[in-house]
Amino acid sequence: GDVIDFENAVEDLLKRETKEEAGIEIGDEFQYINSVAFVRPDGIPVILLKFAAKYVSGEVLPEEGAFTDYAWVDADEIKDYQCIDGVHYEVEKTIKIFKDC
């Protein structure tokens, strides 16, 4: 029979969620950073896939109830912030990916 095909499903999800949760638009080029598996406090298992993307446009408007603050930082400035383990590395890696392009 026919196979239902959802082309660019992850890419479209990344773009949509970025717009919904942060109010900004990102480009079409994505670079895989890493993944994390964990179990939420309510017992639901989660696999978090992290990708780097370029900012395209928009003003950051964090989704109400999801985020309280944000900052645009470079690889040095991120070190001044207390972040979830690994975020410093992910920011540095993202900057390097797109700087080298």
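Scroll up to find the structure this text is about.
Residues numbered from 1 in each chain as written. Predicted model: local features only at pLDDT ≥ 70, side-chain atom pairs only at ≥ 80, totals over all residues. Heavy atoms only, no water.

Enquirer: Tell me about the side chain of Asn34, residues and numbers included.
Expert: Mapped onto the elements of the fold, Asn34 is located in strand 1 (residues 25–39). At 3.3 Å, the side chain of Asn34 and the side chain of Glu90 are in polar contact. With sequence-adjacent residues up to four places away left out, Asn34 is seen in contact with Leu48, Leu49, Lys50, Tyr89 and Glu90. (Helix = DSSP H or I, 4+ residues; strand = E, 2+ residues; numbered from the N terminus. Polar contact = N/O pair within 3.5 Å; in protein donor to acceptor, adjacent residues only side chain to side chain. Contact = heavy atoms within 4.5 Å.)

Enquirer: Summarise the layout of surface pockets; cite the residues concerned and give the values.
Expert: Here the largest pocket is characterised by a volume of approximately 2,100 Å³. Forming the boundary of the largest pocket are 41 residues, of which Phe51, Phe67, Val87, Glu90 and Val91 lie nearest the centre. Elements represented by at least two residues in the lining of the largest pocket include exactly helix 1 (9–22), strand 1, strand 2 (45–57) and helix 2 (87–99). Sorting elements by how many residues they give to the lining of the largest pocket places strand 2 first, with eight residues. (1 Å grid on protein atoms, 1.4 Å probe; cavity = no way out; pocket = protein on both sides within 12 Å on 5 of 7 lines; lining within 4 Å. Points joined across faces, edges and corners; volume = space filled by probe spheres on them.)

Enquirer: Kindly report on a negative patch on the surface, identifying the contributing residues and their values.
Expert: A contiguous patch of negative charge on the surface is contributed by Asp5, Glu7, Glu11 and Asp12. By the secondary structure assignment, Glu7 is in the segment before helix 1. Taking relative accessible area as the criterion, Glu7 reaches 61% and is therefore assigned exposed. (Patch = residues over 30% accessible without salt bridge, like charges linked within 9 Å, V, L, I, M, F, W, Y side chains within 5 Å. Areas by Shrake-Rupley, 256 points an atom, 1.4 Å probe, with all protein chains shown as cover. Salt bridge = Lys/Arg side-chain N within 4 Å of Asp/Glu carboxyl O. Lys, Arg positive; Asp, Glu negative; His and termini not counted. Charge placed at Lys NZ, Arg CZ, Asp CG, Glu CD. Buried < 20%, exposed > 50% of the residue type's maximum accessible area, 1.4 Å probe, protein only.)

Enquirer: Quick rundown of a nonpolar patch on the surface? Include the residues and the values.
Expert: Judged by side-chain polarity, Val10, Tyr32, Ile47, Leu49 and Phe51 come together as a nonpolar surface patch covering roughly 490 Å² of accessible area. The greatest single-element share of the nonpolar patch, amounting to three residues, is contributed by strand 2. On the secondary structure map, Ile47 appears in strand 2. Classification of Ile47 as exposed rests on a relative accessible area of 65%.

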